[in-house]
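For reference, the chains in residue letters:
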Amino acid sequence: MLTSRHLAYTLGLLKQDLMERGVRKPFASRELAVRLAEKIFGIKNASVLEEFDCYSDRAFHIKGFQSSVNSPHGEHLNGQEFVLKILNSCDSNDLEFVEGENETIQFLQKQGFPCPMVLRPTGNSDSDLKAVVTLPISEKVSLKNKENRNNLERCVVRLMSFLPGKPVKEFCGSSTSLFIIGQFVGLASKALQVSNIFV
């Protein structure tokens, strides 16, 4: 029977694999996350409520005001909450994978699964739901100094609508909760089998 100990062990192996491949979290402060949300996605009065735990990416829970023009379906999103996700530079180099993730999220959402809405950057076409930015690898590196090119990295940034709930780590201690997670993953996998998305 799977337990939270098994899950922790599996996640530990994942973290070790990322470290061996040289994958590191992007450098991003709360202030930088606010600037990216405002400049790229047109969020007004943005503020970071919290940063979520991620192994290799950065994810910030943000509150602010956004024009509905950035929503692929034209929803009015003013005063709502968002998640700003900054992918690590390794995953950011595989734009086909990123597009596949976006398509998967949109497909599952249309099938009735509780998925966030991926919002497009200001000025992008409806199908382009990402932005690529250059970030310093640490707070000691300046973007203005071109000699520091080796200390910069390109990262994909996405903004998604926020879905309230609890992180898996907060309720995965029982076999019942693990069963519910497995059931959800199984249903999502079955739905994706009839799609044309390569995942």
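Our structure's up above, just so we're on the same page.
On a predicted model such as this, the values are computed, not experimentally measured, just so you know. Every chain is numbered independently, its residues counted from 1 as its sequence is written. Whole-chain, interface and lining totals are the exception, using all residues; otherwise, since this is a predicted model, local features are given only for residues with pLDDT of at least 70 and side-chain atom pairs are given and counted only at 80 or more. For side-chain calculations, the full set of non-hydrogen atoms in the structure is used, while hydrogens and water are omitted.

1. Observations concerning the overall build of the chain
- Numbering of helices and strands runs from the N terminus; a helix is a DSSP stretch of H or I covering at least four residues, while a strand is a stretch of E covering at least two. A tally of helices and strands in the chain yields five helices and six strands.
- Starting at the N terminus, the α and β elements of the chain follow one another as α-α-β-β-β-α-α-β-β-β-α.
- By definition, residues are in contact when any of their heavy atoms lie within 4.5 Å. Restricting the contact set of the chain to residue pairs at least 6 apart, pairs at least 24 apart contribute 63%.
- When the accessible surface of the chain is summed, it comes to about 12,400 Å², and 54% of that surface belongs to carbon and sulfur atoms. In short, Shrake-Rupley with a 1.4 Å probe defines the accessible areas, and a residue's cover is counted only from the protein chains shown.

2. Brief notes about the pattern of salt bridges
- Whenever Lys or Arg places a side-chain nitrogen within 4 Å of a carboxyl oxygen from Asp or Glu, that contact is recorded as a salt bridge. Summed over all chains, the structure comprises six salt bridges.
- Close ionic contact of K130 with E99 constitutes a salt bridge, the shortest N to O distance being 2.6 Å. With K130 in the loop between β4 (118–119) and β5 (131–136) and E99 in helix α4 (residues 95–110), this residue pair connects regions lying 31 residues apart in the sequence.
- Only protein chains enter the accessibility calculation, which uses a 1.4 Å probe. A residue is then buried if its area is under 20% of the maximum for its type, exposed if over 50%, and partly exposed in between. On the basis of relative accessible area, K130 is assigned to the buried category, the value being 12%.
- Between R158 and E101 there is a salt bridge; the shortest N-O distance is 2.7 Å. Within this pair, whereas R158 is found in strand β6 (residues 152–161), its partner E101 is found in helix α4, the two being separated by 57 residues in sequence.
- Taking relative accessible area as the criterion, R158 reaches 1% and is therefore assigned buried.
- What you see here is one network of salt bridges that share partners, running through E99, D128 and K130.

3. Topic: the pairing of strand β3 (residues 81–86)
- Two strands are said to pair when DSSP picks up at least two bridges between them. The pairing of strand β2 (residues 58–65) with β3 spans six bridges and is antiparallel. Bridge assignment links R58 to a residue of β3, and that residue is I86.
- Of the pairings in the sheet, the one linking β3 to β6 comprises five bridges and is antiparallel in character. Counterpart to F82 in the pairing with β6 is S161.

4. Concerning helix α5 (residues 175–193)
- To estimate how far a helix should extend, the number of its residues minus one is multiplied by 1.5 Å. With 19 residues, α5 should cover 27 Å at 1.5 Å per step; its first-to-last C-alpha distance of 27 Å lies within 8% of that length.
- Residues S177, L178, A188, A191 and L192 constitute the buried set of α5. Considered in projection along α5, the buried side chains sweep an arc of 155 degrees and stay on one side of the axis. With respect to the buried face of α5, the exposed residues turned more than 90 degrees away are T176, F179, K190 and Q193. In this description, one arc is meant: the one made by directions from the helix axis to the C-beta atoms.

5. Points about the packing of aromatic side chains
- For Phe, Tyr and Trp, where Trp contributes only its six-membered ring, two rings pair if their centres lie within 6.5 Å, and the inter-plane angle classes them as stacked under 30 degrees, edge-to-face over 60, or tilted in between. The final tally for this structure, using the stated rule, is two aromatic pairs.
- Seen from their ring centres, F52 and F162 are 6.3 Å apart, and the 0 degrees between their planes marks the pair as stacked. With F52 in strand β1 (residues 44–52) and F162 in the loop between β6 and α5, this residue pair connects regions lying 110 residues apart in the sequence.
- Relative to F184, the ring of F113 lies with its centre 5.7 Å away and its plane at 80 degrees, an arrangement referred to as edge-to-face. One end of the pair, F113, is in the loop between α4 and β4; the other, F184, is in helix α5, with 71 residues separating them in the sequence.
- F184 sits in the partly exposed class, given a relative accessible area of 38%.

6. A word on the packing of α4 against α5
- Two elements in contact, α4 and α5, have axes separated by 11 Å at closest approach and are oriented at 100 degrees. What the angle tells us is that α4 and α5 run roughly perpendicular. Where α4 approaches α5, its residues T104, F107 and L108 are matched on the opposing element by A188, A191 and L192.
- Here the contact of α4 with α5 is built from residues that sort into five nonpolar, one polar and no charged. Orientation is described by lines fitted to C-alpha atoms, with helices fitted over the stretch in contact, and by angles between N-to-C directions that extend from 0 to 180 degrees. Roughly parallel means an angle under 35 degrees; roughly antiparallel means over 145; roughly perpendicular covers 65 to 115; every other angle is labelled oblique. Ten residue types, Ala, Val, Leu, Ile, Met, Phe, Trp, Tyr, Cys and Pro, are classed as nonpolar, four, Asp, Glu, Lys and Arg, as charged, and the remainder, Gly among them, as polar.

7. Examining the side chain of N102
- Tracing the chain through its elements places N102 in helix α4.
- A relative accessible area of 1% means that N102 is categorised as buried.
- Setting aside chain neighbours within four positions, we find N102 in contact with V118, L129 and R158.

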